[in-house]
Amino acid sequence: MLGAGLIAGALSLEAIRGSAKPFDARIYKARGQQGQIAVAAAMDALLKGSGIMDSHIHCGRVQDPYSIRCIPQVMGACLDNLTHAARILQIEANAASDNPLVFTDNGDVISGGNFHAEPVAFAADIIALAVAEIGAISERRLALLLDTGLSALPPFLVADGGVNSGFMIAQVTAAALASENKSLSHLGSVDSLPTSANQEDHVSKATYAARRLGAMCDNTAAVVGIEAMAAAQGIEFHRPLRSSTLLEQELMRIRQAVPFLDKDRYLAPDIAAMCRWANQAEWPEQVAALLPTYAQ
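Residues numbered from 1 in each chain as written. Predicted model: local features only at pLDDT ≥ 70, side-chain atom pairs only at ≥ 80, totals over all residues. Heavy atoms only, no water.

A.B. asks: Would you mind going over the overall build of the protein chain with me for this structure?
C.D. replies: Helix and strand content of the protein chain: 14 helices and 2 strands. With the C-alpha coordinates of the protein chain rotated into their principal frame, the extents come out at 75 × 40 × 30 Å. By residue count, 46% of the 296 residues in the protein chain fall in the buried class. Across the protein chain, every contact between residues at least 6 apart in sequence was considered, and the portion connecting residues at least 24 apart equals 79%. Summed over all atoms, the accessible surface of the protein chain reaches about 14,600 Å², with 56% contributed by carbon and sulfur. If you average the places of the 22 positive and of the 30 negative side-chain charges in the protein chain, the two averages end up 9 Å apart. (Helix = DSSP H or I, 4+ residues; strand = E, 2+ residues; numbered from the N terminus. Buried < 20%, exposed > 50% of the residue type's maximum accessible area, 1.4 Å probe, protein only. Contact = heavy atoms within 4.5 Å. Areas by Shrake-Rupley, 256 points an atom, 1.4 Å probe, with all protein chains shown as cover. Lys, Arg positive; Asp, Glu negative; His and termini not counted. Charge placed at Lys NZ, Arg CZ, Asp CG, Glu CD.)

In structure tokens, the structure reads:
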């Protein structure tokens, strides 16, 4: 999800002809947050060599909306959360959580509490926060793409806007899913009800905290997929200009999944295809290297 969000964000920046100046490494080194530093470097690498970027280098644009300008701040914080959660879960996957525990060196049998899943619940909760925020900022970039006053693109990214609704309903879908994730991201670990005659008087709710992540990831995959599809549409309006080599490769993959929207059509199959794109595991090396799954 993080990888897809970074690619979609870079594509959206290209579609609105936004500025890459906010990704200057000096900005992030001045703050010192490692996630921001890593994400800014990845964004800079994704945009390197872009003909679209070069075409408006002297345009005088000072600031883009936060959803573009603050990608490193937001996605960097998500990366830090996911990295921490991955570390906790890797420890837990190799942990002894039985009760009682039998220590074979001297035969001691000790009843303890390693079964209490508070570390897992906390990890699941911070994953939920990251997943929700990846979707939330993605939906805002999608809305930006459709707003001709801010993006300078055709309204709703389609010709004959009075006849075609373009990506309008797709953005409504993304907004609904991002909003649903706000409710699902409520912390499971803050809830507890006693059972077993108050013997089990404080529990972690880790099962729920982890289980809801499936629905949240599905929602965010759809939101980010819709954004990437819309950004690809927006970039088509800048042809024959071309983006960077890395982003053009992603655009080709998107076009293999969904065609250009020349007039209104039923978009459910397109959204499903873009969900598969968002859930893929093959990202450019500059992005894949950030992901906790690959960095272990």
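A.B. asks: Any chance you could explain the pattern of salt bridges here in plain terms?
C.D. replies: In a structure, side chains of opposite charge can pair up when their charged atoms sit close to one another. One pass over the full model with this rule turns up 10 salt bridges. The residue Arg255 makes a salt bridge to Glu236 at a minimum N-O spacing of 3.2 Å. With a gap of 19 residues between them, Arg255 in helix H11 (residues 245–257) and Glu236 in helix H10 (residues 206–236) connect regions that are remote in the sequence. A residue is classified by how much of its surface remains accessible, and Arg255, at 23% relative accessible area, is partly exposed. Its relative accessible area of 28% is what places Glu236 among the partly exposed residues. Three or more residues are tied together by salt bridges with common partners; here these are Glu236, Arg239, Arg242, Glu248 and Arg255. (Salt bridge = Lys/Arg side-chain N within 4 Å of Asp/Glu carboxyl O.)

A.B. asks: What exactly am I supposed to notice about the side chain of Arg212 here?
C.D. replies: Relative to the helices and strands, Arg212 is located in helix H10. With a relative accessible area of 4%, Arg212 lands in the buried category. If sequence neighbours within four positions are ignored, Arg212 has contacts with Ala124, Asp125, Ala128, Leu184, Ser185, His186 and Gly188.

A.B. asks: Sorry, what's going on with the packing of H10 against H11 here?
C.D. replies: Helices that pack against each other are described as a pair by the angle of their axes relative to one another and the distance between those axes. Where H10 meets H11, the axes come as close as 10 Å, and the angle between the chain directions of the two elements is 110 degrees. Relative to H11, the element H10 is oriented roughly perpendicular. Within the contact between the two elements, H10 uses Ala228, Ala232, Gln233, Ile235 and Glu236 and H11 uses Leu251, Ile254 and Arg255. Of the residues belonging to the contact of H10 with H11, the class tally is 5 nonpolar, 1 polar and 2 charged. (Axes fitted to C-alpha atoms, helices over the stretch in contact; angles between N-to-C directions. Parallel < 35°, antiparallel > 145°, perpendicular 65-115°, else oblique. Nonpolar A, V, L, I, M, F, W, Y, C, P; charged D, E, K, R; others polar.)

A.B. asks: Would you explain the environment of Leu291 in this entry?
C.D. replies: As for its placement among the helices and strands, Leu291 is situated in the loop between helix H13 (285–288) and helix H14 (292–295). Sequence separation of Leu291 and Ile91 is 200 residues, and the distance between their C-alpha atoms is 18 Å. Sequence-distant contacts of Leu291, that is, excluding residues within four places in its chain, are made with Leu2, Gly3 and Trp283.

A.B. asks: Can you walk me through a nonpolar patch on the surface in this structure?
C.D. replies: On the surface, Leu129, Leu187 and Val190 cluster together to form a nonpolar patch covering roughly 240 Å² of accessible area. In this structure, Leu187 sits in the loop between helix H9 (168–184) and H10. A residue is classified by how much of its surface remains accessible, and Leu187, at 31% relative accessible area, is partly exposed. (Patch = residues over 30% accessible without salt bridge, like charges linked within 9 Å, V, L, I, M, F, W, Y side chains within 5 Å.)

A.B. asks: What is the right way to look at unusual backbone geometry in this model?
C.D. replies: Glycine aside, negative phi is the norm for most residues, and most peptide bonds take the trans geometry. Look at the link from Asn99 to Pro100: it is a cis peptide, with omega at 0 degrees. Summarising the element assignment, Pro100 is placed in the loop between helix H6 (71–93) and strand S1 (101–103). Cis peptide bonds are those with omega within 30 degrees of zero, and the linkage from Arg239 to Pro240 qualifies with 15 degrees. Counting through the fold element by element, Pro240 comes out in the loop between H10 and H11. Even without being a glycine, Arg17 presents a positive backbone phi close to 55 degrees. Position of Arg17 among the secondary structure elements: in the loop between helix H1 (2–15) and helix H2 (25–31). Judged by relative accessible area, Arg17 falls into the partly exposed class, the value being 29%. A positive phi angle, close to 60 degrees, is found at Phe156, a residue other than glycine. Structurally, the position occupied by Phe156 is in the loop between helix H8 (148–151) and H9. Owing to a relative accessible area of 30%, Phe156 belongs among the partly exposed residues under this scheme.

A.B. asks: How do you make sense of H10 when you look at a structure like this?
C.D. replies: Because each turn of an α-helix spans 3.6 residues, side chains separated by three or four positions in sequence point in the same direction. Taking 1.5 Å per residue as the helical rise, H10 with its 31 residues ought to reach 45 Å, and the 45 Å between its terminal C-alpha atoms agrees with that figure. Along H10, the largest kink reaches about 25 degrees and is centred on Gly214. Burial within H10 is extensive, with 22 of its 31 residues counted as buried. (Expected span 1.5 Å × (residues − 1). Bend = angle between axes of the 7 residues up to and from the residue.)

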